[in-house]
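Residue-level structure breakdown
These are the residues of each chain, in order.
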Amino acid sequence: MTIEFVNPPRRILMGPGPSEIHPRVLAAMAAPTVGHLDPYFLQIMDEVQSMLRQVFRTRNEMTLAVSGTGSAGMEACVVNLIERGDRMVVGVNGVFGGRMTDTAERAGAEVTRIERPFGEVFSVDDVAEAVDRVQPKVVGLVHAETSTGALQPLEEISRVVHDAGALLLVDCVTSLGGLPVEIDKWQVDAAYSGTQKCLSCPPGLAPVTFSANAVEAMDARTSKVQSWYLDMSMVRQYWGENRAYHHTAPINMNYGLHEALRLALDEGLETRFARHQRNHGALKAGLAALGIRYSVAEGMQLPMLNSVLIPDGVNDGEVRSTLLNRFGIEIGGGLGPMKGKTWRIGLMGEASREPNVLLFLAALEACLAAQGGAVVPGAGVAAANAAYAADK
Ligand SMILES: *Cc1c(COP(=O)(O)O)cnc(C)c1O
């Protein structure tokens, strides 16, 4: 079969990303392409940088959108901060911490992994012990582990990392735009994100930001960055005043990100965070009424990524394919050791809406009933409605 024109099915994206996209973002991406040095595009770049600073809550000069997905942002941060033989501590409590160690090892770092079981997070003491022992140049942590649904607190850990003279690198791919990310207040030295999670833009760009200390460490390098494409000393010449050609920026992706950031800031970050919490709360009430529990302890649960235990006797694949094929809803399965054990229900950005929560609960109930589950008809939807009513 050949696709004569692209006409994808309509889906409700409630998985671990990509999330739903506002029609205005898609419309912006369909605008005419201009040159990558066109004054119009240069203004788009300036405004993207300025809006990214607002979303990251930073004054960092070096704040821009790397061409590539979130993993390119991860790699850009790691390869620019690390030189062969540098020591790095990475917190691994899920798939993305694991990916960070792989990236760092490929860049020649001497990596020390600290580990917590999937679904748990690191304490200040866990990190303090490791930095005392290793004396690393960089400590890497994942703020919102999309593979497990757990939220890593950072503010106190940042103090411990800096007291040891190290730089703090944080993965904010899933948290940015859905939870407070305070780059300056928490003194995060380098952070990366992606466009397709809570910023609700298609995948393709990776917002990054580097503190003055991180830039100083990059300027003090004695070896070239191992990646030509992601070498920030060159990329910054294009995003900065020189506008020196490095690579052709994905023009229309930047249009899309510009519109997505504008929508986020128009809504207001605090309002947006509250919306994510409210829909998370209603979903949780509905799931509880269907007898479904979270795989992460209360207080560490991500509002945008609800990781829940698949009830005993329920067929994971069947439920997810029925959700997709009959109801048009995509959710995620478990990753790594959680495969077959959890569902990951995303309420990211545009997808974090009351109608999605109610439709999903009704659809899930139908799936469970079809498998002979003992669910009280309508219990999930009723509990979510009650939670919304109580949260007016
Ligand atoms: C999605 C994600 C990534 C990887 O981003 P891609 O856009 O898939 O390359 C990295 N870290 C976290 C926490 C993520 O959720």
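Model, not experiment: these values are computed from the prediction.

**Overview of the pairing of strand β10 (residues 205-210)**
Counting buried residues along β10, 6 of its 6 residues qualify, which places the element largely inside the surrounding structure. Neither face of β10 is open: one carries Leu205, Pro207 and Thr209, the other Ala206, Val208 and Phe210, and all of them are buried. In this structure, strand β2 (residues 62-67) lies alongside β10, joined through 6 bridges in antiparallel fashion. Its bridge partner lying in β10, Leu64 is registered against Val208. Direction of pairing for strand β9 (residues 190-192) relative to β10: antiparallel, over a ladder of 3 bridges. Looking at the pairing, Tyr192 lines up with Val208 of β10.

**Looking at the environment of Ser175**
Relative to the elements of secondary structure, Ser175 occurs in the loop between β8 (167-171) and β9. For Ser175, a relative accessible area of 0% puts it in the buried group. Separated by 211 residues in sequence, Ser175 and Ala386 have C-alpha atoms that sit 27 Å apart.

**Quick look at the domain arrangement of the chain**
In terms of domain boundaries, the chain breaks down into domain 1 (23-266) and domain 2 (268-390). Counting residues at the interface gives 28 residues for domain 1 and 24 residues for domain 2. Carbon and sulfur atoms make up 66% of the surface buried where domain 1 meets domain 2, a total of about 2200 Å² over both sides. Linking domain 1 to domain 2 there are 1 salt bridge. Two residues, Glu270 and Arg57, come together in a salt bridge whose shortest N-O distance is 2.9 Å. Remark: the boundary between domain 1 and domain 2 carries 10 residue pairs in polar contact (both at pLDDT 80 or more). Mapped by element, the contributors of at least two residues to the side of domain 1 that touches domain 2 are α2 (39-56), β6 (144-145), β7 (150-151) and α9 (251-267). Per element, the largest residue contribution to the side of domain 1 that touches domain 2 is 3 residues, and it comes from α9. In the side of domain 1 that touches domain 2, the residues fall into 13 nonpolar, 11 polar and 4 charged.

**Points about the packing of helix α5 (residues 124-134) against helix α6 (residues 155-163)**
Two numbers describe how α5 lies on α6: the axes approach to 9 Å, and their chain directions differ by 15°. In terms of orientation, α5 lies roughly parallel with respect to α6. Here α5 runs over α6; the crossing is right-handed. Residues Val124, Val127, Ala128 and Val131 of α5 form the contact with α6, whose own contacting residues are Glu156, Ile157, Val160 and Val161. When the residues that make up the contact of α5 with α6 are grouped by side-chain class, the tally is 7 nonpolar, no polar and 1 charged.

The rules behind these values
- Residues numbered from 1 in each chain as written.
- Predicted model: local features only at pLDDT ≥ 70, side-chain atom pairs only at ≥ 80, totals over all residues.
- Heavy atoms only, no water.
- Buried < 20%, exposed > 50% of the residue type's maximum accessible area, 1.4 Å probe, protein only.
- Helix = DSSP H or I, 4+ residues; strand = E, 2+ residues; numbered from the N terminus.
- Pairing = 2+ DSSP bridges.
- Domains from an automatic or database assignment.
- Contact = heavy atoms within 4.5 Å.
- Buried area = accessible area lost by both parts, 1.4 Å probe.
- Salt bridge = Lys/Arg side-chain N within 4 Å of Asp/Glu carboxyl O.
- Polar contact = N/O pair within 3.5 Å; in protein donor to acceptor, adjacent residues only side chain to side chain.
- Nonpolar A, V, L, I, M, F, W, Y, C, P; charged D, E, K, R; others polar.
- Axes fitted to C-alpha atoms, helices over the stretch in contact; angles between N-to-C directions.
- Parallel < 35°, antiparallel > 145°, perpendicular 65-115°, else oblique.
- Left-handed = near helix turned anticlockwise from the far one by under 90°.

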